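# Fold and contact review
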Amino acid sequence: MNLGKALQDLRDRQSERGGGGSSPKAPLIEVFHSVQGEGRFVGVPMAFLRVATCPLRCLYCDTPHSYEAPPRVPVRTAVRTLHEPNPVAADRAAELVRQVVAAADAGATRVVSVTGGEPLVFPEFVREFGRAVRGKGMRVHLETAAISPEALQQCIEQVDHLSADWKLPETLGAPIKAELALAPGAHYGALHRRCCEIAVRRGASVDVKIVLTPAVTDSSLDTALHELQPLREKILLVLQPVTPFHAVKAPLRADDLQRFLAACQRAKFDVRVLPQVHKALQLP
């Protein structure tokens, strides 16, 4: 699995730097304000910046529109929607986020979640965007598939909170490049763990999210818990029963959820069960 080459190919194809100026660029999908956050921040109002492209194809993915960037990025404030040409420079993206936050209620949380797609395809953009918004008193939350420790290392100093996915093999479809394909019985566990270790060393708070579908097996979850055990006291483990979408047609059975939760409790993790709430609330 040549992960580095596959991610570099994605960066090249999406032209991380384009046009004039020195600020790194990335293709964006949207900028908006919502309560859709991840993990311990579900239901917390904050700004969101969604980066286009993703090297993986999760069977449960409900944002397939994030695979390809539109020519112009919708920037949704409380009063109007702007449309910004793609790709967007990091300093300009920071200004757009500030506008979204300023247009929200006066008591809006000064947090921006950088999500995707997969933001770590563009680590220089994440770093410079983070530097710009944190310089204005905002916190940066990074939501990532956590399969590229090298990319995370490039931007981690500008990240206050990491929400890292832990992808169980049963939840993954074929990736977009052969270099990212897993061998039978393999998983991304070592890469996920290294990303979490990088964030812990930096002093960021860390949530690890495991999406549970009806196809997930006990042995697969047990393997993940074993890999995570050295970090058990430094993370919040989040079990997310799948919201049926696309290839995943059915929800997780209640008895399966109870069994998976019990396994996490026996392993002494600080664990939460948090389904997606913004879908139920019909919010972005």
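Residues numbered from 1 in each chain as written. Predicted model: local features only at pLDDT ≥ 70, side-chain atom pairs only at ≥ 80, totals over all residues. Heavy atoms only, no water.

Here we come to the state of the cysteines. Counting across every chain of the model gives zero disulfides. There is no disulfide at C58, and the cysteine sulfur nearest it, in C54, is 6.3 Å away. Here C155 stays unpaired: no disulfide links it, and the sulfur of C195, its closest cysteine neighbor, is 9.5 Å away. (Disulfide = S-S within 2.5 Å.)

Attention now moves to the packing of aromatic side chains. The description of an aromatic ring pair uses the distance of the two centres, along with the angle that the planes make with each other. Enumeration over the complete set of coordinates arrives at two aromatic pairs. Here F32 and F48 contribute two aromatic rings whose centre-to-centre distance is 5.2 Å and whose plane-to-plane angle is 10 degrees, an arrangement assigned as stacked. Taken together, the residues F32 in strand β2 (residues 28–34) and F48 in strand β3 (residues 46–51) connect sequence positions 16 residues apart. With relative accessibility at 2%, the residue F32 sits in the buried group. Aromatic pair F125 and F129: ring centres 6.0 Å apart, planes at 10 degrees, arrangement stacked. Here F129 and F125 lie together in helix α3 (residues 123–134), a separation of four residues that amounts to about one turn. Taken as a pair, F125 and F129 share a single burial class, namely buried. Positioned above the aromatic ring of Y67, the side-chain terminus of R57 is 3.5 Å from the ring centre. Sitting above the plane of the F260 ring, R259 keeps its charged end 5.2 Å from the centroid. (Phe/Tyr/Trp six-rings, centres within 6.5 Å; stacked < 30°, edge-to-face > 60°. Helix = DSSP H or I, 4+ residues; strand = E, 2+ residues; numbered from the N terminus. Buried < 20%, exposed > 50% of the residue type's maximum accessible area, 1.4 Å probe, protein only. Lys NZ or Arg CZ within 6 Å of the ring centre and 35° of its normal.)

What follows deals with the nonpolar core. Counting residues in hydrophobic clusters, the biggest one holds 66 residues, and the most contacted among them are L49, F125 and F129. For this core, the element with the highest residue contribution is helix α2 (residues 90–103), accounting for seven residues. With 15 residues, the next largest nonpolar core counts L56, Y60, A145 and V211 among its residues. (Core = buried A, V, L, I, M, F, W, Y, C linked by side-chain atoms within 4.5 Å.)

This part covers empty space enclosed by the protein. On inspection of all chains with the given rule, the structure shows one cavity of 30 Å³ or more. What the largest cavity holds in volume is close to 40 Å³. Forming the boundary of the largest cavity are G37, E38, F41, M46, S113, H141, E143, H161 and S163. Of all the elements in the fold, those that place two or more residues in the lining of the largest cavity are β8 (139–144) and β9 (161–165). A per-class count over the lining of the largest cavity returns two nonpolar, five polar and two charged. (1 Å grid on protein atoms, 1.4 Å probe; cavity = no way out; pocket = protein on both sides within 12 Å on 5 of 7 lines; lining within 4 Å. Points joined across faces, edges and corners; volume = space filled by probe spheres on them. Nonpolar A, V, L, I, M, F, W, Y, C, P; charged D, E, K, R; others polar.)

Now for helix α7 (residues 254–266). An ideal rise of 1.5 Å per residue puts 18 Å on 13 residues; α7 measures up with 18 Å between its terminal C-alpha atoms. Those residues of α7 not exposed but buried are D256, L257, F260, L261, A263 and C264. One side of α7 holds all its buried residues, which, seen down the axis, span an arc of 155 degrees. In α7, the exposed positions that point more than 90 degrees away from the buried face belong to A254, Q258 and R266. Considering only its buried residues, α7 is in contact with β10 (205–212), α6 (218–228), β11 (236–241) and β12 (271–273). Backbone geometry just after α7 places K268 at a positive phi near 70 degrees. (Expected span 1.5 Å × (residues − 1). Arc of directions from axis to C-beta. Contact = heavy atoms within 4.5 Å.)

What follows deals with the side chain of D165. For D165, the position within the fold is in strand β9. Not counting residues up to four positions away in its chain, the partners in contact with D165 are Y60, T144, A145, A146, H192 and K209.

This paragraph deals with the layout of surface pockets. Its boundaries defined by the atoms lining it, the largest pocket holds a volume of some 720 Å³. In terms of lining residues, the largest pocket is bounded by 43 residues, among which E38, R50, D62, T63 and G116 are the most central. Among the elements of the structure, β2, β8, β9 and β11 are those that each provide at least two residues to the lining of the largest pocket. Counted by class, the lining of the largest pocket contains 16 nonpolar, 15 polar and twelve charged residues.

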